[in-house]
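These are the residues of each chain, in order.
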Amino acid sequence: QVQLVESGGGLVQAGGSLRLSCAASGRTFSSYAMAWFRQAPGKEREFVAAIRWSGGSTDYADSVKGRFTISRDNAKNTVYLQMNSLKPEDTAVYYCAADRVITIATMTSTKTYDYWGQGTQVTVSS
């Protein structure tokens, strides 16, 4: 069982930066792949970024590539999402998710992930 708690959201002006954190419980955190999703009002939850258990492989949605960076610290049971050059269209509730196995074919689907956090709000003003 894995429990996830996000933090670090807030209000920022366009062009600014935020770093989200997702703290995980459980001794087997290092064996889980982790991901960030986001959901804007009236829209479906969408994939943002994913990182494999070792941290050696990452993937990003095209909309955030070059601006966002996902990383993890297995010693601290924490995954991060560094968000730079934020745009108003990045406004959403951001969720972290975990699953033991993800693939290129499955990592963007919400159905892949067994564990979810409660979300943290990110608002980017223009």
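Residues numbered from 1 in each chain as written. Predicted model: local features only at pLDDT ≥ 70, side-chain atom pairs only at ≥ 80, totals over all residues. Heavy atoms only, no water.

(A) Focus on the pairing of strand E9 (residues 92-99). Counting buried residues along E9, seven of its eight residues qualify, which places the element largely inside the surrounding structure. In this sheet, E9 lies alongside strand E4 (residues 33-39) in antiparallel orientation, the contact comprising seven bridges. Directly across from Met34, in E9, lies its bridge partner Ala98. Summarising the sheet, E9 and strand E11 (residues 120-125) pair through three bridges and their orientation is antiparallel. (Buried < 20%, exposed > 50% of the residue type's maximum accessible area, 1.4 Å probe, protein only. Helix = DSSP H or I, 4+ residues; strand = E, 2+ residues; numbered from the N terminus. Pairing = 2+ DSSP bridges.)

(B) The arrangement of the environment of Arg19 in detail. By the element assignment, Arg19 lies in strand E3 (residues 18-24). Along the chain, Arg19 and Thr69 lie 50 residues apart, while their C-alpha atoms are 9.3 Å from each other. The residues contacting Arg19, other than those within four sequence positions of it, are Ser7, Gly8, Tyr80, Leu81 and Gln82. (Contact = heavy atoms within 4.5 Å.)

(C) Region of interest: unusual backbone geometry. Despite not being glycine, Asn77 has its phi angle at roughly 55°, a positive value. Tracing the chain through its elements places Asn77 in the loop between strand E7 (68-73) and strand E8 (78-83). Backbone geometry at Ser85 places phi at a positive 50°, although glycine is not the residue there.

(D) Fine view of the pattern of salt bridges. Applying the stated criterion across every chain yields a total of five salt bridges. Between Asp62 and Lys65 there is a salt bridge, with its nearest N and O atoms 3.1 Å apart. On the basis of relative accessibility, which here comes to 67%, the residue Asp62 falls in the exposed class. Through salt bridges with shared partners, a single network forms among Arg38, Glu46, Arg67 and Asp90. (Salt bridge = Lys/Arg side-chain N within 4 Å of Asp/Glu carboxyl O.)

(E) Seen up close, the packing of aromatic side chains. A complete count under the given rule lists five aromatic pairs for this structure. Seen in terms of ring centroids, Phe37 and Tyr113 are 5.3 Å apart; in terms of plane orientation they differ by 75°. Their pairing is edge-to-face. Highlighted residues: Phe37 in strand E4 and Tyr113 in the loop between E9 and strand E10 (115-116), separated in sequence by 76 residues. Residue Tyr113 is classed as buried on the basis of its relative accessible area, which comes to 4%. (Phe/Tyr/Trp six-rings, centres within 6.5 Å; stacked < 30°, edge-to-face > 60°.)

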